[in-house]
Amino acid sequence: MSRSGRIAIVLGLLACAVFMIVWVAMNFVGSEPGTVSYLTAQAPGAPVHLVMQTDGVVGTGAHPTWVSYRIQTPKTHVFVHTALVELPANSMIDVTIYQFDSGSPLRNQFFGRVTGTIGQVAKLNGKTFKVLNSYDTPNGQGVGHTFTVPSLNINVPLEGNNTSKPTFCTKGPCSPVTQEHTTTTFAFRTPSFSGNFRFQCFIPCGAGHYAGNAGPMQTLGYMGGFLEVRA
Amino acid sequence: MSDDIESQGWTRAPAGPTAGTGARREPHHFRRLFAMWFVVSLAGDLVWWFVVGPHVPPGTMTTQARGAQFDFNVLFLASWVVVSGVCIYLGYAFYQWRASRGGPDPVGGPAASSNVRVQTIWITTTTLIVIAAFIFGTVQLILPQGAGGGEGPDPIWKPTSDKVLPIQVIAQQWKFTYRYPTFGGMETSTLVIPADTWIAFHVTSIDVIHDFWAYQLGVKADANPDVDDVAYVHTSGQLGSFTVRCDELCGIWHGAMFDYGKVVTKTQFMAWGSRTERANADNTKYLPPFAWTYVPTANTTTGVTADTSGQAPYSRIEKYGATPAKKTVTSPKTTSSTFTTT
Ligand SMILES: [Cu+2]
Ligand SMILES: [Cu+2]
């Protein structure tokens, strides 16, 4: 082969490699979910009111059929499809989670116990509880998801909903005003230092994936994200 | 002297313009090299053994960790002897037998000829060192009592003590939890263990493959679903915290799958155990009966997919809403694992 022919092949392969690297990088960058910031939502020192929801079907994005957390923006009150939230350090966080998904058994009943919150309790529809077990939940609907931050030892199980109700939300974002849901509230204090604290659901809820463990359970912004605590 | 090492060329200066004239007396290279090597390797080994060695990971929190530390140190001492020998020879050769500008080729002539005696010594010594390291490493890998490694469900090397504290390590995406069968089967987030005690870690998983690596304890055991992987350690008197890491790539939060355990005194441990057992009682009653393994897929969004015969499902119900099915539960094997403080 001629010299120029060989150079052309090398350059062609190089161009392909560069294209593929850029393409993967762009996809990776583009797939990063957005972050909802609660840093300036309240006056410094005042409790932060963090509002989230869990949808059985998120309705948007690259995997619209997947289950996902959503986080409400503090000012415009829109439930954004993400699981990245910025919180101020050393602050009281009052959390409200609207749970719209159906329930299932916990894989590990250990996660039926509330830990790491103020008073080691949470409230389900206004009623204080310590343990929410998938086999005797108040409404008999099992546990939908959990909100668990392992490094802060926070764990709160969220009760499921009855899928046969006409107002059952089949596609997110779901409305806490018009649609069937359970409301879980609890409070915790953020650490005094900055850091990203992983939170995730401990019920393998990736329906359609082997043992429920893949898909949304393994993808940032669906059933897992970060509390980004900033000092 | 014709078969002396020095006269065989390997330590002799290249035949140069001066070599043949006898104007320069050839120094005794071998003696010089040996002296340098002896001093450097001995000094290095002494410094390592007495200064660095006691701080080498994984430390001395358990007999098994101390054993691993000893192994690392022994292997270091042996390799330092070899490394210093090679480096000193290399440096010496670079300096002593470097080419001079305009001089002859320093690697030609008798200096480049082979020497059967040197080659035999070299091959024999290195072979013996490697075989010795292999035997040492293999033996140390299993002694004593499995050296902190997971030995599978039926360990060959068991502690002779009849006071062994059993602790079950349950790996799941993405957190370790711990069950204490001798404390009513309670499950905890934190691993607390008593000092000066034989401990049997029963490592299992309720989803994918993980690996329990309690670094300072010198314990590493695979966590497989449906497998009871047993690793023994004997804690020393050293109190304090240790790191637990998952050491098998297990998904998106694998890197975040770690926590810190604690070694406390026996009295503190018993107090913690009974306190936690009481505090957790309201949730412990929902856990499945204690078993050595659990069915990971007993109750998921995809339902039962595994052969569940003879095993406890992790949750006490297979499908939400159904009456909990009666299962033949493998009762914990009767071992001598009764634990009491002395
Ligand atoms: Cu979930
Ligand atoms: Cu893991």
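Quick caveat, the model's predicted, so the values are computed rather than measured.

S.K.: It is not clear to me how the overall build of chain A should be interpreted in this structure. Could you clarify?
M.R.: Counting secondary structure elements, chain A contains 1 helix and 13 strands. For chain A, the N- to C-terminal ordering of α and β elements is α-β-β-β-β-β-β-β-β-β-β-β-β-β. Structurally, chain A occupies a C-alpha span of about 80 × 45 × 35 Å along its principal axes. The buried share of chain A, reckoned over its 231 residues, is 51%.

S.K.: Just checking my understanding: could you explain the coordination of the copper ion (ligand 2) for this structure?
M.R.: Under ideal tetrahedral coordination, the four donors around a metal are separated by 109.5 degrees; under ideal octahedral coordination, the six donors are separated by 90 or 180 degrees. Residue and element names in this part refer to chain B. At this site the copper ion (ligand 2) is bound by His210 (ND1), Cys246 (SG), Cys250 (SG) and Met257 (SD), with donor distances of 2.0 to 2.7 Å. The site at the copper ion (ligand 2) holds 4 donor atoms, and with the angles between them running 92 to 125 degrees, its shape is tetrahedral. Read in sequence order, the donor residues for the copper ion (ligand 2) give the motif H-x35-C-x3-C-x6-M. Classification of Cys250 as buried rests on a relative accessible area of 5%.

S.K.: Teacher, can you tell me more about the domain arrangement of chain A here?
M.R.: Where the parts come together, the accessible area they lose is often given as the size of the interface. According to the domain assignment, chain A consists of domain 1 (1-31) and domain 2 (34-230). Here the C-alpha centre of domain 2 of chain A lies 43 Å away from the C-alpha centre of domain 1 of chain A.

S.K.: Would you mind showing me how to read the domain arrangement of chain B here?
M.R.: All names here are of chain B. Here the domain parsing of chain B yields domain 1 (28-96 + 118-144) and domain 2 (152-335). Contact with domain 1, which involves 10 residues of that partner, is made by 17 residues of domain 2. Note on domain 1 versus domain 2: buried area summed over both sides is about 1100 Å², and carbon and sulfur give 58% of it. Contact with domain 2 buries area across many residues of domain 1, yet Met61, Thr62 and Gln64 alone supply 55% of it, more than any other trio.

S.K.: Is there a simple way to think about the sheet that holds strand S2 (residues 175-180) of chain B in this case?
M.R.: The strands making up a sheet associate through hydrogen bonds between their backbones, and the pairing can be parallel or antiparallel. Residues and elements named next belong to chain B. Across the sheet, 5 strands lie side by side as S3-S2-S1-S5-S8; this open sheet has mixed pairing. A single partner strand is all that each edge strand has here, and the edge strands are strand S3 (186-188) and strand S8 (229-234). Averaged over all adjacent pairs, the angle separating strand axes in this sheet is 25 degrees, with direction ignored. Contacting strand S1 (164-172), S2 and S3, helix H4 (residues 266-284) crosses the sheet at an angle of about 100 degrees to S3.

S.K.: Mind showing me how you'd approach the packing of aromatic side chains here?
M.R.: What characterises a pair of aromatic rings is the spacing of the ring centres plus the angle enclosed by the ring planes. All names here are of chain B. A complete count under the given rule lists 27 aromatic pairs over all chains for this structure. Both rings, one in Phe183 and one in Phe269, keep their centres 5.5 Å apart while their planes meet at 85 degrees; by these two values the pair is edge-to-face. With a gap of 86 residues between them, Phe183 in the loop between S2 and S3 and Phe269 in helix H4 connect regions that are remote in the sequence. You can call Phe183 buried: its relative accessible area is 5%. Taken together, a centroid distance of 5.2 Å and an interplanar angle of 55 degrees make the contact between Phe201 and Phe212 tilted.

S.K.: Teacher, can you tell me more about the packing of helix H2 (residues 63-96) of chain B against helix H3 (residues 116-142) of chain B here?
M.R.: Each pair of packed helices gets described by two things: the angle between the helix axes and the distance between those axes. All names here are of chain B. Running from N to C, H2 and H3 point in directions that differ by 170 degrees, and their axes come no closer than 11 Å. When the axes of H2 and H3 are compared, the pair comes out roughly antiparallel. Contacts between H2 and H3 pair Gly67, Phe70, Asp71, Val74, Leu75, Val82 and Val86 from the former with Trp122, Ile129, Ala133, Phe136 and Gln140 from the latter.

S.K.: Would you take a moment to explain the confidence of the model for chain B for this structure?
M.R.: Detailed reading of predicted coordinates is not advised where the pLDDT is low. Residue and element names in this part refer to chain B. A residue-level look at chain B finds 77% of positions with pLDDT of 70 or above and a mean pLDDT of 80. Predicted confidence is poor over residues 300-308, with pLDDT under 50, and the contacts of this stretch with residues over four places away or in other chains come to 22 contacts. Every residue in residues 316-342 scores below 50 in pLDDT, and together they form 64 contacts with partners more than four places removed in sequence or on other chains. Scored as a whole, the predicted complex attains pTM 0.81, and scored at its interfaces, ipTM 0.85.

S.K.: Help me out: how do you make sense of the environment of A:Lys123 in this one?
M.R.: Structurally, A:Lys123 is set in strand S7 (residues 122-124). Each residue touching A:Lys123, except ones within four places of it in the same chain, is listed here: A:Thr128, A:Phe129, A:Thr183, A:Thr184 and A:Thr185.

S.K.: What's the story with the pattern of salt bridges in this structure? I'm lost.
M.R.: Side chains bearing opposite charge may pair, as long as their charged atoms lie close to each other. All names here are of chain B. Here the structure, examined in full by the defined rule, presents 6 salt bridges over all chains. Linking Lys220 and Asp211 is a salt bridge whose minimum nitrogen-to-oxygen distance equals 3.7 Å. For Lys220, a relative accessible area of 36% corresponds to the partly exposed category. Asp211 sits in the buried class, given a relative accessible area of 2%. In this structure, the salt-bridge partner of Asp247 is Lys220, at a minimum N-O distance of 3.2 Å. Here the residue Asp247 occupies a position in the loop between strand S9 (240-246) and strand S10 (258-264), and Lys220 occupies one in strand S7 (residues 219-223), the gap between them amounting to 27 residues. What you see here is one network of salt bridges that share partners, running through Asp211, Lys220 and Asp247.

S.K.: Please explain the state of the cysteines as it appears in this structure.
M.R.: Among covalent bonds in proteins, the disulfide is the one between the sulfur atoms of two cysteines. All names here are of chain A. Applying the stated criterion to the full structure yields 1 disulfide over all chains. With its sulfur 2.0 Å from that of its partner, Cys169 forms a disulfide with Cys174. Taking the sign of the torsion about the S-S bond as the criterion, the disulfide between Cys169 and Cys174, at about -75 degrees, is left-handed. Judged by relative accessible area, which is 4%, Cys169 ranks as buried.

Procedures and definitions
- Residues numbered from 1 in each chain as written.
- Chains lettered and ligands numbered in written order.
- Predicted model: local features only at pLDDT ≥ 70, side-chain atom pairs only at ≥ 80, totals over all residues.
- Heavy atoms only, no water.
- Helix = DSSP H or I, 4+ residues; strand = E, 2+ residues; numbered from the N terminus.
- Buried < 20%, exposed > 50% of the residue type's maximum accessible area, 1.4 Å probe, protein only.
- Donors = N, O, S within 2.8 Å, 3.2 Å for Na, K, Ca; no water.
- Tetrahedral: all angles 85-135°; square planar, octahedral: opposite > 155°, others 65-115°.
- Domains from an automatic or database assignment.
- Contact = heavy atoms within 4.5 Å.
- Buried area = accessible area lost by both parts, 1.4 Å probe.
- Pairing = 2+ DSSP bridges.
- Axes fitted to C-alpha atoms, helices over the stretch in contact; angles between N-to-C directions.
- Phe/Tyr/Trp six-rings, centres within 6.5 Å; stacked < 30°, edge-to-face > 60°.
- Parallel < 35°, antiparallel > 145°, perpendicular 65-115°, else oblique.
- pLDDT = per-residue confidence, 0-100.
- Salt bridge = Lys/Arg side-chain N within 4 Å of Asp/Glu carboxyl O.
- Disulfide = S-S within 2.5 Å.

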